[in-house]
Amino acid sequence: MSANKPAAGGPLPAMSFSKLGGGSIDVGGMRDGWSLFVVYRGKHCGRCKKYLNRLEAMKGDWEAAGFDIAVVSADPEEKAAADKAEYGWSFDIGYDLTETQMRELGLYVSDPLSPDETDRRFAEPGIFCVRPDGSIQIAAVSNGPAARPDLAELLDGMIFTIKNGKPARGTA
């Protein structure tokens with residue numbers, strides 16, 4: 001079970017992940033624009049591939065709306081790099097998400113069902129839309145791969161939110 005629930009309107013925990021190609025992906029804290037931060041299960045997840053392929057197809061739309069995009073999983077560098085090479089994803093991909101980080105983000109954590117699936121605990125999906133001030137506008141965490149926000153609906157809602165200056169909801 002997840003120990004923490006992400007607080008709508010509260011800060012996204014500041015953390016850093018190793019990034020494919022070198023450097024790091026830093027989330028949380030002040031930024032120049034909005035951020036879309038996606039946590040995926042890993043190389044073993046076929047649904048994740050479909051989801052990230054849809055994100056790749058919409059990447060320009062998200063960027064045009066003012067979002068930077070970062071994606072991370074608990075996979076080691078080799079597995080993340082293999083997926084990027086196979087699918088041609090062009091967004092920033094982080095790897096080695098730790099169990100401590102998973103819990104800080106309020107994500108559900110799963111054990112592999114077999115060694116064929118993966119060799120370590122992994123995070124179930126999480127999606128965060130983060131304001132330039134580092135606060136969470138949208139937090140969507142799932143305990144399984146089949147329940148994730150539709151990316152087109154999410155983008156449409158975020159464009160409306162930004163245009164109309166809407167606050168984070170679910171804060172009562």
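Relevant structure appears above.
Everything quoted here is computed from the prediction, not taken from an experiment. (Residues numbered from 1 in each chain as written. Predicted model: local features only at pLDDT ≥ 70, side-chain atom pairs only at ≥ 80, totals over all residues. Heavy atoms only, no water.)

A. Inspection of the packing of helix 1 (residues 46-64) against helix 4 (residues 151-164) at higher detail. At a closest axis distance of 10 Å, the pairing of helix 1 and helix 4 adopts a crossing angle of 30 degrees. Here helix 4 runs roughly parallel to helix 1, going by the angle between their axes. For the pair helix 1 and helix 4, the sense of crossing is right-handed. Contacts between helix 1 and helix 4 involve Y51, R54, L55, M58, D61 and W62 from the former and L151, A152, L154 and L155 from the latter. Classifying every residue of the contact of helix 1 with helix 4 by side-chain character gives eight nonpolar, no polar and two charged. (Axes fitted to C-alpha atoms, helices over the stretch in contact; angles between N-to-C directions. Helix = DSSP H or I, 4+ residues; strand = E, 2+ residues; numbered from the N terminus. Parallel < 35°, antiparallel > 145°, perpendicular 65-115°, else oblique. Left-handed = near helix turned anticlockwise from the far one by under 90°. Contact = heavy atoms within 4.5 Å. Nonpolar A, V, L, I, M, F, W, Y, C, P; charged D, E, K, R; others polar.)

B. Structural detail: the side chain of D83. Among the secondary structure elements, D83 is positioned in helix 2 (residues 77-87). Among the polar contacts made by the side chain of D83, one reaches the side chain of K43 at a distance of 3.2 Å. The residues touching D83, leaving out its near neighbours within four places in the chain, are G42, K43, K49, G88 and W89. (Polar contact = N/O pair within 3.5 Å; in protein donor to acceptor, adjacent residues only side chain to side chain.)

C. Helix 4, seen in detail. Here helix 4 is 14 residues long and its end C-alpha atoms lie 20 Å apart, about the 20 Å a rise of 1.5 Å per residue gives. All of the buried residues along helix 4 are L151, L154, L155, M158 and T161. Buried residues in helix 4, looked at end-on, bunch into an arc of 125 degrees, giving them a common side. In helix 4, the exposed positions that point more than 90 degrees away from the buried face belong to E153 and K163. Considering only its buried residues, helix 4 is in contact with strand 3 (34-39), helix 1, strand 4 (67-72), strand 8 (126-130) and strand 9 (136-141). (Expected span 1.5 Å × (residues − 1). Buried < 20%, exposed > 50% of the residue type's maximum accessible area, 1.4 Å probe, protein only. Arc of directions from axis to C-beta.)

Everything listed is a geometric property; what it means functionally is a separate question.
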